[in-house]
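So you can see what is in the structure, the chains are spelled out below.
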Amino acid sequence: MVTGATSGIGEACARQFINAGYRVIATGRNVTKLNLLKEEFGSDLLPLVFDVRDREIAEASVKALPAEWSEIDILINNAGLALGLDPEYQGDYTDWETMIDTNIKGLLTMTRVVVPGMVERNRGHVINIGSVAGDAAYANGNVYCATKAAVKSITDGLRIDVAHTALRVTLLKPGLVETNFSNVRFHGDDRRADNVYKGITPLTGDDIANAALYAAQAPKHVQIAEMLILATHQANGSTIVRKS
Ligand code: NDP
Ligand code: 8X3
């Protein structure tokens, strides 16, 4: 199951996992995009429409999965977003709430809904998409960085809490990945979004999907706990050397 499979890293994960022989439950809000993916992948993909912030519908959707899709082996908690890049003392309350509700509470909901079945079967893998932004705050990143720091703690906590089982828990922490991320962050200001990737070759969704697949396909006794994946010329969340 991949959350936020309608764009960027999530879509790349859905594609790569299907190409590697998995069947994928692709979740998201964009019905048109989910239908296109369904047309492309047929019986290898099950589209599931819900917003990860809607706990009741998320739970009901997973509970209502047809029997042949109900035993989820891998959960990729990817749905997430940044909104705004402003000093903390000038931030937008609604943007803050949306990031917290999606990146932290949505990820927790999906974990709470899917992981009990994994524990019962003693089989499963949770791959959370964190960020380099969770390692240290960068200028004006404040609340987004905090949500990704929370994802790191939540992932570490889950790894501890399932250590008595055969489940594996992985945190992927990408750096600059060119997706729809910055267009969303800047509320549709595409010119500003393009500038984020100027003068550097950014990562792609496929680069992160490769890492997810590597973690999933590692031998069962190998738990890839964490991967920090940066673009070359990026040293951390705030040090990026660009060619002019
Ligand atoms: P995209 O904007 O391309 O994709 C985000 C996906 O998340 C979309 O499918 C979006 O769906 C979905 N989503 C957002 N909110 C919700 C919601 N409430 N319910 C269900 N789905 C939702 O960005 P990325 O692919 O880059 O982002 C994916 C993840 O990677 C995020 O968690 C992001 O924080 C993280 N990340 C991104 C980095 C980057 O540089 N791009 C770097 C590090 C981490 P919809 O189209 O409906 O909004
Ligand atoms: C996305 C990467 O550096 O834009 O999490 O925050 S960054």
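Coordinates for the structure precede this section.
What comes next is a walk through the structure. In this text the structure is predicted, and so the values were computed from the model without any measurement. (Residues numbered from 1 in each chain as written. Chains lettered and ligands numbered in written order. Predicted model: local features only at pLDDT ≥ 70, side-chain atom pairs only at ≥ 80, totals over all residues. Heavy atoms only, no water.)

**Some words on the pairing of strand 3 (residues 74-77)**
The side chains of a regular strand alternate, residue by residue, between the two faces of the sheet.
Part 1 of the reasoning: Burial of the side chains of strand 3 extends over both faces: Ile74 and Ile76 are buried on one face and Leu75 and Asn77 on the other.
Part 2 of the reasoning: As judged from the four bridges shared by strand 3 and strand 4 (residues 125-129), these two strands associate in the parallel manner. Bridged to Asn77 within strand 4 is Asn128.
Part 3 of the reasoning: Handedness of the crossover joining strand 3 and strand 4 through helix 4 (residues 93-121): right-handed. (Buried < 20%, exposed > 50% of the residue type's maximum accessible area, 1.4 Å probe, protein only. Helix = DSSP H or I, 4+ residues; strand = E, 2+ residues; numbered from the N terminus. Pairing = 2+ DSSP bridges. Right-handed = clockwise from strand over helix to strand, strands pointing away.)

**Some thoughts on the site of ligand 1**
Part 1 of the reasoning: For ligand 1, the set of nearby residues contains 26 residues, the closest of which are Thr6, Ser7, Arg29, Tyr144 and Thr179.
Part 2 of the reasoning: A distance of 2.8 Å separates an oxygen atom of ligand 1 from a polar atom in the backbone of Ile9.
Part 3 of the reasoning: At 3.5 Å from a nitrogen atom of ligand 1 is found a side-chain nitrogen or oxygen belonging to Arg53.
Part 4 of the reasoning: When ligand 1 is considered free in solution it has 880 Å² of accessible area, and contact with the protein chains removes 92% of it.
Part 5 of the reasoning: At the level of elements, helix 1 (8-19) and helix 5 (142-161) are the ones that each hand at least two residues to the shell around ligand 1.
Part 6 of the reasoning: When grouped by side-chain class, the residues that make up the shell around ligand 1 number ten nonpolar, twelve polar and four charged. (Near = heavy atom within 4 Å. Polar contact = N/O pair within 3.5 Å; in protein donor to acceptor, adjacent residues only side chain to side chain. Areas by Shrake-Rupley, 256 points an atom, 1.4 Å probe, with all protein chains shown as cover. Nonpolar A, V, L, I, M, F, W, Y, C, P; charged D, E, K, R; others polar.)

**Thoughts on the nonpolar core**
Part 1 of the reasoning: Counting 39 residues, the largest nonpolar core has Cys13, Phe17, Ile76, Leu172 and Ile208 as the members making the most contacts within it.
Part 2 of the reasoning: Looking at this core, the elements that each hand over two or more residues are helix 1, strand 1 (24-28), helix 2 (31-41), strand 3, strand 4, helix 8 (205-217) and strand 6 (226-229).
Part 3 of the reasoning: Considering every element that reaches this core, the biggest residue donor is helix 8, with seven residues.
Part 4 of the reasoning: Those residues within four positions of Cys13 in sequence are excluded, and the remaining contacts are Val2, Ile76, Ala209 and Ala212. (Core = buried A, V, L, I, M, F, W, Y, C linked by side-chain atoms within 4.5 Å. Contact = heavy atoms within 4.5 Å.)

**Quick look at the packing of aromatic side chains**
Part 1 of the reasoning: Applying the stated criterion across every chain, the model contains three aromatic pairs.
Part 2 of the reasoning: Centroid distance Phe17 to Tyr22: 5.0 Å. Interplanar angle 55°. Geometry classified as tilted.
Part 3 of the reasoning: Looking at Phe17, the relative accessible area reads 3%, which means it is buried.
Part 4 of the reasoning: Pairing Tyr93 with Trp96 gives two aromatic rings, centres 5.7 Å apart and planes at 80°, and the pair type is edge-to-face. Taken together, the residues Tyr93 and Trp96, both in helix 4 and three residues apart, mark about one turn of the helix.
Part 5 of the reasoning: Between the NZ or CZ atom of Arg23 and the centre of the ring of Trp69, over which it lies, the distance is 4.4 Å. (Phe/Tyr/Trp six-rings, centres within 6.5 Å; stacked < 30°, edge-to-face > 60°. Lys NZ or Arg CZ within 6 Å of the ring centre and 35° of its normal.)

**Examining helix 5**
Along an α-helix, residues three or four apart share an orientation, since each turn contains 3.6 residues.
Part 1 of the reasoning: The terminal C-alpha atoms of helix 5 lie 28 Å apart, and with 20 residues this matches the ideal 28 Å at 1.5 Å per residue to within 8%.
Part 2 of the reasoning: Among the residues of helix 5, those classed as buried are Asn142, Val143, Tyr144, Cys145, Thr147, Lys148, Ala150, Val151, Thr155, Leu158 and Arg159.
Part 3 of the reasoning: Along its buried surface, helix 5 packs onto helix 4, strand 4, strand 5 (168-174) and helix 6 (181-185). (Expected span 1.5 Å × (residues − 1).)

**Examining the site of ligand 2**
Part 1 of the reasoning: Neighbouring residues of ligand 2: Ser131, Val132, Ala133, Tyr138, Tyr144, Gly175, Phe181 and Arg185.
Part 2 of the reasoning: Residue Ser131 places a side-chain N or O atom 2.5 Å away from an oxygen atom belonging to ligand 2.
Part 3 of the reasoning: Within the side chain of Tyr144, a nitrogen or oxygen atom sits 2.6 Å from an oxygen atom of ligand 2.
Part 4 of the reasoning: In the complex, 88% of the free accessible area of ligand 2, which totals 240 Å², lies under the protein chains.

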